[in-house]
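Observations on the model geometry
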Protein chains: 2
Amino acid sequence: MTNKVITITRQYGSGGREIGQTLAEQLGIEFYDNKLLDVAAGDSGIHKSHFEENDEKRSNSFLYLLSTTYGQGGVPFDDALFFAQLNAIQKIASEHSCVIIGRCADYALRDFSGVVNIFISAPLEIRIKRAIEVYGIGEKHAADYVKRIDKQRTSYYNYYTDKRWGTPQNYHLCLDSSALGIDGSVVLLRQFLDDFYNR
Amino acid sequence: MTNKVITITRQYGSGGREIGQTLAEQLGIEFYDNKLLDVAAGDSGIHKSHFEENDEKRSNSFLYLLSTTYGQGGVPFDDALFFAQLNAIQKIASEHSCVIIGRCADYALRDFSGVVNIFISAPLEIRIKRAIEVYGIGEKHAADYVKRIDKQRTSYYNYYTDKRWGTPQNYHLCLDSSALGIDGSVVLLRQFLDDFYNR
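Let us look at the structure shown here. (Residues numbered from 1 in each chain as written. Chains lettered and ligands numbered in written order. Predicted model: local features only at pLDDT ≥ 70, side-chain atom pairs only at ≥ 80, totals over all residues. Heavy atoms only, no water.)

**Description of the packing of aromatic side chains**
Here the distance between the centres and the angle between the planes together describe a pair of aromatic rings. Stated formally: In summary, the pairing rule links any two rings of Phe, Tyr or Trp, Trp by its six-membered ring, whose centres are within 6.5 Å, and it sorts them by plane angle into stacked for under 30 degrees, edge-to-face for over 60 and tilted for everything else. Numbered from the N terminus, helices here are DSSP runs of H or I no shorter than four residues, and strands are runs of E no shorter than two. Categorising residues by exposure relies on relative accessible area from a 1.4 Å probe, with only protein chains included: less than 20% of the type maximum marks a residue as buried, more than 50% marks it as exposed, and the intermediate range marks it as partly exposed. Here, a charge over a ring is recorded when the distance from Lys NZ or Arg CZ to the ring centre is within 6 Å and its angle to the ring normal is within 35 degrees.
A full pass over the atoms with the stated rule returns 22 aromatic pairs over all chains. Ring centres 5.4 Å apart and planes at 80 degrees place the aromatic pair B:Tyr12 and B:Tyr145 in the edge-to-face group. Within this pair, whereas B:Tyr12 is found in the loop between β1 (5–10) and α1 (16–27), its partner B:Tyr145 is found in helix α8 (residues 142–160), the two being separated by 133 residues in sequence. A relative accessible area of 9% means that B:Tyr12 is categorised as buried. Cluster of aromatic residues (ring-pair linked, three or more members): A:Phe82, A:Phe83, A:Tyr156, A:Tyr159 and A:Tyr160. Sitting above the plane of the A:Tyr107 ring, A:Arg110 keeps its charged end 3.9 Å from the centroid.

And the structure:
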């Protein structure tokens, strides 16, 4: 039986992660966001060995990269990290049904069957509001921050894949999460997934 | 009561028009595609007077434009036609619920409430197949033709609006019509519309 793998690409502050996590809970499948993928990449041995070969400075750089990634929501342009995550994503998708957030997962799984690719967006002002209220981003620079994170994600995706981030052709469905709200979006996506996997 | 107005922007050969027409039938509302909008624009008096002021050559040019538009699915860059259609779209949306295909309707109605903007796409090979089988496009040049029509639509939209054609941020929902098929897409869109208008 083919695994059900849902990749979610999202604009920063659109609630894509929350939608994905709720979907995973309701469907009873695993959920992988950036942090969990980095752990999986580390566990894969590919990333570990890459860094074990290097000196302390490089290890510290890796820790620095991890901390800056998590601290700012951005992504480092690190080939080793990218390929470690790609391999981790492919391994995970082969093993069990899951929801995966970001990290070019739609690209990593482009040759896999049973994959549904979803894009979540929302109007900028709503995303800025969410960044401030939910993610604790300072109000003064929130607008710039939101745009910058999306720029980083776009650059990362466009650099490592042969596609362009956020174009509808990459996804089975794109949804403005403000249209139905987070919960309403989950309801609609569940309907889509039911219909898709039961065709 | 606010009218329910659904705009459908679509890649050529994705079945967007058929989806829109079926939606309109099922919802019991009016349906407007390119031809009907041109008629409405003509009836509006704006377009007629524009052409009545001009010489026979211009009138023939208009007829030529109409025939080439319908014959090839492309769009002429004609300011008078654009604004006549924009006015027709705004008038229609003010008067009754409807489904409108293309013609920058999402842009024309950007300040209207109760409008749902949908984008329909499909993989290129599927659209080429539909162009050949449903629209009777010759097999030899079908691929080029499909791409060319989308280029024309993109250029038209980008020229006349302050947005970029086909970016998810313009739409409440984008759907790959091949994921669920035409009928399945209609079912999902009806679910979305029910949820949206009943929030």
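**Some words on the environment of B:Asn87**
Residues and elements named next belong to chain B. As for its position among the elements, Asn87 is in helix α5 (residues 79–95). Taking relative accessible area as the criterion, Asn87 reaches 32% and is therefore assigned partly exposed. Along the chain, Asn87 and Ala40 lie 47 residues apart, while their C-alpha atoms are 9.4 Å from each other.

**Re the nonpolar core**
Selection rule: Take the buried Ala, Val, Leu, Ile, Met, Phe, Trp, Tyr and Cys residues and link them wherever side-chain atoms come within 4.5 Å; each set so joined is a nonpolar core. Residues are treated as being in contact if the distance between any of their heavy atoms lies within 4.5 Å.
In terms of nonpolar packing, the biggest core is built from 50 residues, with A:Ile100 and B:Ile100 touching the most fellow members. Filtering out sequence-adjacent residues up to four positions away, A:Ile100 remains in contact with A:Val5, A:Ile6, A:Thr7, A:Ile8, A:Tyr32, A:Leu37, A:Ile89, A:Ala105 and A:Leu109. Counting residues in hydrophobic clusters, the runner-up holds 44 residues, among them A:Ile19, A:Leu180, B:Ile8 and B:Phe196.

Any functional reading would require information that these geometric values do not contain.
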